[in-house]
Amino acid sequence: MSTVKPMPTMPALAAALPLVEDEVRRLATSSSLPVVNAHAGRITAAGGKRLRSILVLAGSLAVAGSVPDKAITAAACVELLHAGSLVHDDLMDGATERRGVRTVNAAWGDGPAVLVGDFMLARASQVALDRISPYAASRLAEAVAALVEGQVLEVLDLYDAHRSPDDALRSIELKTGALFEVGCVLAAHCADADEATTAALGRYGALFGVQFQVLDDLLDLASTSRRLGKPVGNDIRQGVYTLPLLRALDADQRRLLEERGRELTDDEVAGLLAGLRRTSLVADTLAHCTSLAARAVRELPDLPDPGALGVLRELPGAYLDWAASQIA
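These numbers were taken from a predicted model, which means no experiment stands behind them.

Enquirer: Go over the overall build of the protein, please, and point to the residues and values.
Expert: A count of helices and strands for the protein gives 16 helices and two strands. A globule of 328 residues ought to have a C-alpha radius of gyration of about 20 Å, and the protein, at 19 Å, matches this closely. Principal-axis analysis of the C-alpha atoms places the extent of the protein at approximately 55 × 45 × 30 Å. A burial count over the protein gives 55% of its 328 residues as buried. Across the protein, every contact between residues at least 6 apart in sequence was considered, and the portion connecting residues at least 24 apart equals 75%.

Below, the structure written as structure tokens:
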């Protein structure tokens, strides 16, 4: 997906983000084996939205009035964990390219890709333990477990045209919401926030994470390959029937997936997408995400730094606006 920076400019955040990038690079290339460093470094250098980093930095800044060094480390650990999970996702999906670079599984093989992803996940938790706190390491490990469980739920429902929207939502909460949540929790932790503030920021992150994933799923159905930089309809081809899709399917479309799911041709996928776009899919999903954004913002407590708090308040709505602009 295209890079997006849906946030106002703040000098403290602008200064901290390059430090996070440097730390991600160092951690990704911290293996004693050059071949692991080459692949992990190449994947992390490909970039991304860095929304998780922004959440960690803005959260700590909003609480403490500055960005503690531990928050830089925490943001890098969250990004490394996310990148490691994407290495595993690409392997499971058989993807050959992400963000313009070859995936690890395509460049080196399936087995080595598992090991590179494992290295990145382990290094993130290790660094959190060594340089932040045992609590931070525990919360990161908890997020990894949730991510795995969410992915397992998705795998169990592959090509299931009768997957329930509630089941799809639970998978999202675990595989995406948990990682946004832990970033916000670590932001509060690095700024020495109290338990109530930490819990509130965590709830904000979890809701924003769900909104983020639902919008990502919508774009796969309603955007274009030119805008996304990758083919649309991939979720349908891979049997991942997402929340927006499940809420929009009519009986004939559901029957098509049930009978042809694994053998759908490109023309059938294109026809299904065209049919979905003639429904209220986009309007209904954007309305749902507008509600999620409002709920997330309501969870934010009053925090000492109004500028950083403003970033947190604006981010869900700004990301929603950007996603809406990518719809065909």
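Next comes the rest of the account.
Enquirer: Requested: an account of the pattern of salt bridges, with residues and values cited.
Expert: Inspection of every chain in the model, using the stated rule, returns 14 salt bridges. Arg-98 is the salt-bridge partner of Asp-90, the closest N and O atoms lying 2.7 Å from each other. Given a relative accessible area of 27%, Arg-98 falls into the partly exposed group. The residue Arg-163 makes a salt bridge to Asp-157 at a minimum N-O spacing of 3.1 Å. Pair check on accessibility: Arg-163 and Asp-157 agree, each one buried. Through salt bridges with shared partners, a single network forms among Glu-21, Arg-50 and Glu-79.

Enquirer: So what about the nonpolar core? Which residues, and what values?
Expert: If you look at the biggest cluster of nonpolar residues, it comprises 104 residues, and the most contacted ones within it are Tyr-204, Leu-257 and Leu-312. Among all residues touching Leu-257, those that are not within four sequence positions of it are Ala-161, Ile-236, Tyr-241, Leu-245, Leu-249, Leu-264 and Leu-272.

Enquirer: So what about the confidence of the model for the protein? Which residues, and what values?
Expert: Averaged over the protein, the pLDDT score is 94; the fraction of residues at 70 or greater is 97%. Across residues 1–9 the pLDDT falls below 50, and counting only partners more than four positions away or on other chains, this stretch makes 24 contacts in the model.

Enquirer: So, helix α4 (residues 69–93): which residues are in play, and what are the values?
Expert: Between its first and last C-alpha, α4 extends 36 Å over 25 residues, near the 36 Å set by a 1.5 Å rise per residue. Burial analysis of α4 places 21 of its 25 residues in the buried class, the great majority of the element. Following α4 by one or two positions, Gly-94 has its phi on the positive side, about 70 degrees.

Enquirer: Lay out the packing of helix α13 (residues 251–260) against helix α14 (residues 266–277) with the relevant residues and their values.
Expert: Two elements in contact, α13 and α14, have axes separated by 11 Å at closest approach and are oriented at 160 degrees. Taken together, the axis directions place α13 and α14 in an arrangement best described as roughly antiparallel. For the pair α13 and α14, the sense of crossing is left-handed. Residue-level inspection shows Gln-253, Leu-256, Leu-257 and Arg-260 of α13 in contact with α14, the latter providing Glu-268, Leu-272, Gly-275 and Leu-276. Of the residues that constitute the contact of α13 with α14, the class distribution is four nonpolar, two polar and two charged.

Enquirer: Account for the side chain of Asp-90, naming residues and giving values.
Expert: Residue placement: Asp-90 occurs in helix α4. Residue contacts for Asp-90: discarding those within four places in its chain leaves Ala-95, Arg-98, Thr-103 and Asn-105.

Enquirer: Account for the packing of helix α3 (residues 51–64) against helix α8 (residues 165–190), naming residues and giving values.
Expert: At a closest axis distance of 8 Å, the pairing of α3 and α8 adopts a crossing angle of 30 degrees. Classified by the interaxial angle, the pair formed by α3 and α8 is roughly parallel. The handedness of the crossing between α3 and α8 comes out as right-handed. Contacts between α3 and α8 involve Arg-52, Leu-55, Val-56, Gly-59 and Ser-60 from the first element and Leu-179, Phe-180, Gly-183, Cys-184, Ala-187 and Cys-190 from the second. When grouped by side-chain class, the residues that make up the contact of α3 with α8 number seven nonpolar, three polar and one charged.

Enquirer: Could you give an account of the environment of Ala-328, naming the residues involved and the relevant values?
Expert: Relative to the assigned elements, Ala-328 resides in the segment after α16 (306–325). Separated by 156 residues in the primary sequence, Ala-328 and Ile-172 have C-alpha atoms spaced 24 Å apart. In this structure, Ala-328 is in contact with Ala-222, Ser-223, Thr-224 and Arg-227, ignoring residues within four places of it in sequence.

What counts as what
Residues numbered from 1 in each chain as written. Predicted model: local features only at pLDDT ≥ 70, side-chain atom pairs only at ≥ 80, totals over all residues. Heavy atoms only, no water. Helix = DSSP H or I, 4+ residues; strand = E, 2+ residues; numbered from the N terminus. Rg over C-alpha atoms; globule rule 2.2 N^0.38 Å. Buried < 20%, exposed > 50% of the residue type's maximum accessible area, 1.4 Å probe, protein only. Contact = heavy atoms within 4.5 Å. Salt bridge = Lys/Arg side-chain N within 4 Å of Asp/Glu carboxyl O. Core = buried A, V, L, I, M, F, W, Y, C linked by side-chain atoms within 4.5 Å. pLDDT = per-residue confidence, 0-100. Expected span 1.5 Å × (residues − 1). Axes fitted to C-alpha atoms, helices over the stretch in contact; angles between N-to-C directions. Parallel < 35°, antiparallel > 145°, perpendicular 65-115°, else oblique. Left-handed = near helix turned anticlockwise from the far one by under 90°. Nonpolar A, V, L, I, M, F, W, Y, C, P; charged D, E, K, R; others polar.

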